[in-house]
Amino acid sequence: KNEVEQSPQNLTAQEGEFITINCSYSVGISALHWLQQHPGGGIVSLFMLSSGKKKHGRLIATINIQEKHSSLHITASHPRDSAVYICAVRGLYGGATNKLIFGTGTLLAVQP
Amino acid sequence: NAGVTQTPKFQVLKTGQSMTLQCAQDMNHEYMSWYRQDPGMGLRLIHYSVGAGITDQGEVPNGYNVSRSTTEDFPLRLLSAAPSQTSVYFCASRAGQIGYTFGSGTRLTVV
C-alpha cells in the first residue's frame, strides 16, 4: 500500500462545478504539499499545509492531522484548471523531514 | 526571473554514456533535490542536499551521483546510462517553511 493515496485518479467536470480531490496518508508528517502539473509542463507548488485551511483565489486546501487526510477544492472550475494535481507529504522526524513522498496524482479535465 | 533553471530540456543518450543534468537556483535556498517522474509511479526522490557540501540519498539513488559545491548549483550525474533511466527529471529547491520551487524538467531518453 502506498504511503500517500489520492482519489479519484481521474476526474472530469463541467465548467463551473465545485471539485474536490482527496489525499490520505499513513505516516506522521511535518507538512503536506499540493502541486499542480499541466500536461507536458512543469510543476507548480499550490499549498503547503501543516494544519487547518488555506485559500488562494478559487483554490482551497484543508488538512485534518488526526485523520491523516487532506482535500483540495476548486470552486467555479474552469478549463484552465485542467491539470494533474499531486499530493506530497514530508516526514515528521530527522531525515524524513527532508524527503517528499508523492501520491500518483489526480488527472482533472474541466470541459467547457 | 528568480527560480530554478534546469538544462538541458531534452536529451537522448546511448546506453553506457554518461551525462550531467544541470540545476541552478538564484533564491539562496539551502535545500535542493532531484526527482524522477515515471508514468504510473509518480515522482520519486533521487538525491537531496540541505546545504553546500551536504548531500544524501533519496528513494531511488542507484546509478546517479550528486555534489553541492555551491548554494546555487546541484548537478545530477548519470554515470553509465541505462534504458531504465529514461524518465522526466525535475530539480526543486526550498527554503524553510516555504513551498517548493520546481525547475521545468529534463526529458531524458536512453536508447
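Since the model is a prediction, treat every value here as computed from it, not as a measurement. (Residues numbered from 1 in each chain as written. Chains lettered and ligands numbered in written order. Predicted model: local features only at pLDDT ≥ 70, side-chain atom pairs only at ≥ 80, totals over all residues. Heavy atoms only, no water.)

S.K.: So, the interface of chain A and chain B: which residues are in play, and what are the values?
M.R.: Listed by partner, the interface residues are 18 residues for chain A and 21 residues for chain B. Taking both partners together, chain A and chain B bury about 1,500 Å²; carbon and sulfur atoms supply 60% of that area. Three residues stand out in chain A for area buried against chain B, namely Ile 43, Asn 98 and Phe 102 of chain A, and they jointly supply 36% of the buried area on that side. Our count for the contact surface shared by chain A and chain B stands at zero salt bridges. Taken together, the connections running from chain A to chain B amount to two residue pairs in polar contact (both at pLDDT 80 or more). (Contact = heavy atoms within 4.5 Å. Buried area = accessible area lost by both parts, 1.4 Å probe. Salt bridge = Lys/Arg side-chain N within 4 Å of Asp/Glu carboxyl O. Polar contact = N/O pair within 3.5 Å; in protein donor to acceptor, adjacent residues only side chain to side chain.)

S.K.: Before we move on, can you summarise the sheet that holds strand S3 (residues 19–25) of chain A with the specific residues and values?
M.R.: All names here are of chain A. With antiparallel pairing, five strands are arranged side by side in an open sheet as S1-S3-S8-S7-S6. In the strand order of this sheet, the two ends are held by strand S1 (4–7) and strand S6 (52–56), each with one partner. When strand polarity is set aside, the average angle formed by the axes of neighbouring strands in this sheet is 15°. Pairing of S6 with strand S7 (residues 59–64) involves five bridges; the strand directions are antiparallel. Residue Lys 53 lies in a different strand from S7, and its bridge partner there is Thr 62. (Pairing = 2+ DSSP bridges. Helix = DSSP H or I, 4+ residues; strand = E, 2+ residues; numbered from the N terminus. Axes fitted to C-alpha atoms, helices over the stretch in contact; angles between N-to-C directions.)

S.K.: Let's hear about unusual backbone geometry: which residues, and what values?
M.R.: Of note, the amide linkage connecting Ser 7 of chain A to Pro 8 of chain A takes the cis form, showing an omega dihedral of -5°. Here Pro 8 of chain A lies in the loop between S1 and strand S2 (10–14). Omega for the bond connecting Thr 7 of chain B with Pro 8 of chain B falls within 30 degrees of zero, at -5°, which places this linkage in the cis form. Following the sequence through the fold, Pro 8 of chain B ends up in the loop between strand S1 (4–7) and strand S2 (10–13).

S.K.: Can you lay out the nonpolar core for me, pointing to particular residues and giving the numbers?
M.R.: The biggest cluster of nonpolar side chains holds 22 residues, and the ones touching the most others in it are Ile 19, Tyr 25, Leu 32, Trp 34, Leu 72 and Tyr 85 of chain A. Residue assignment for this core shows that the elements contributing at least two residues are S3, strand S4 (29–37), strand S5 (43–49), S7, strand S8 (69–74), strand S9 (83–91) and strand S11 (106–111) of chain A. Beyond its immediate sequence surroundings of up to four residues, Leu 32 of chain A is in contact with Cys 23, Tyr 25, Phe 47, Met 48, Leu 49, Ile 63, Ser 70, Cys 87, Ala 88 and Val 89 of chain A. Among the nonpolar cores identified, the runner-up in size contains 19 residues, and Met 19, Ala 81, Tyr 89 and Cys 91 of chain B belong to it. (Core = buried A, V, L, I, M, F, W, Y, C linked by side-chain atoms within 4.5 Å. Buried < 20%, exposed > 50% of the residue type's maximum accessible area, 1.4 Å probe, protein only.)

S.K.: Can you tell me about the sheet that holds strand S8 (residues 76–78) of chain B, naming the residues and giving the values?
M.R.: Residues and elements named next belong to chain B. The sheet built from four strands is open, its strands ordered S1-S3-S8-S7 with antiparallel pairing. Two strands close off the open sheet at either side, each with one partner strand: S1 and strand S7 (64–66). Neighbour-to-neighbour, the strand axes of this sheet turn through a mean angle of 20°, independent of strand direction. Pairing geometry for strand S3 (residues 19–25) and S8, over three bridges, is antiparallel. Across the sheet, the residue bridging to Thr 20 is Arg 77, located in S8.

S.K.: So what's going on with the side chain of His 29 of chain B? Residues and values would help.
M.R.: Residues and elements named next belong to chain B. Tracing the backbone through its elements, the reader meets His 29 in the loop between S3 and strand S4 (31–38). You can call His 29 buried: its relative accessible area is 7%. A polar contact of 3.5 Å, which involves the side chain of His 29, links it to the backbone nitrogen of Arg 94. With residues near it in sequence (within four places) discarded, His 29 still touches Arg 68, Thr 71, Ser 93, Arg 94, Ala 95 and Thr 101.

S.K.: So, the environment of His 47 of chain B: which residues are in play, and what are the values?
M.R.: Residue and element names in this part refer to chain B. By secondary structure assignment, the location of His 47 is in strand S5 (residues 42–51). The buried category is assigned to His 47, whose relative accessible area is 7%. Residues His 47 and Gly 58, 11 residues apart in the sequence, show an inter-C-alpha distance of 4.8 Å. The contacts of His 47, once residues within four sequence positions are left out, are Ser 33, Trp 34, Asp 56, Gln 57, Gly 58, Pro 61, Tyr 64, Asn 65, Val 66, Phe 74 and Leu 76. Here the side chain of His 47 touches Tyr 64 through a polar contact of 3.2 Å, landing on its backbone oxygen.

S.K.: Residue-level account of the state of the cysteines, with values.
M.R.: Across all of its chains, the model carries two disulfides over all chains by this definition. Here Cys 23 of chain A connects covalently by a disulfide to Cys 87 of chain A, the sulfurs 2.0 Å from one another. Looking down the S-S bond of the Cys 23 of chain A and Cys 87 of chain A bridge, the torsion is -65°, so its handedness is left-handed. Pair noted here: Cys 23 of chain A is in strand S3 and Cys 87 of chain A is in strand S9, with a separation of 64 residues, a long-range link. In this model, Cys 23 of chain B is linked to Cys 91 of chain B through a disulfide, with the two sulfur atoms separated by 1.8 Å. Across the S-S bond linking Cys 23 of chain B and Cys 91 of chain B, the dihedral sits near -70°, which makes this disulfide left-handed. Of the two residues, Cys 23 of chain B sits in strand S3 while Cys 91 of chain B sits in strand S9 (residues 87–94), which places them 68 residues apart along the sequence. Given the relative accessible area of 2%, Cys 23 of chain B is considered buried. (Disulfide = S-S within 2.5 Å.)

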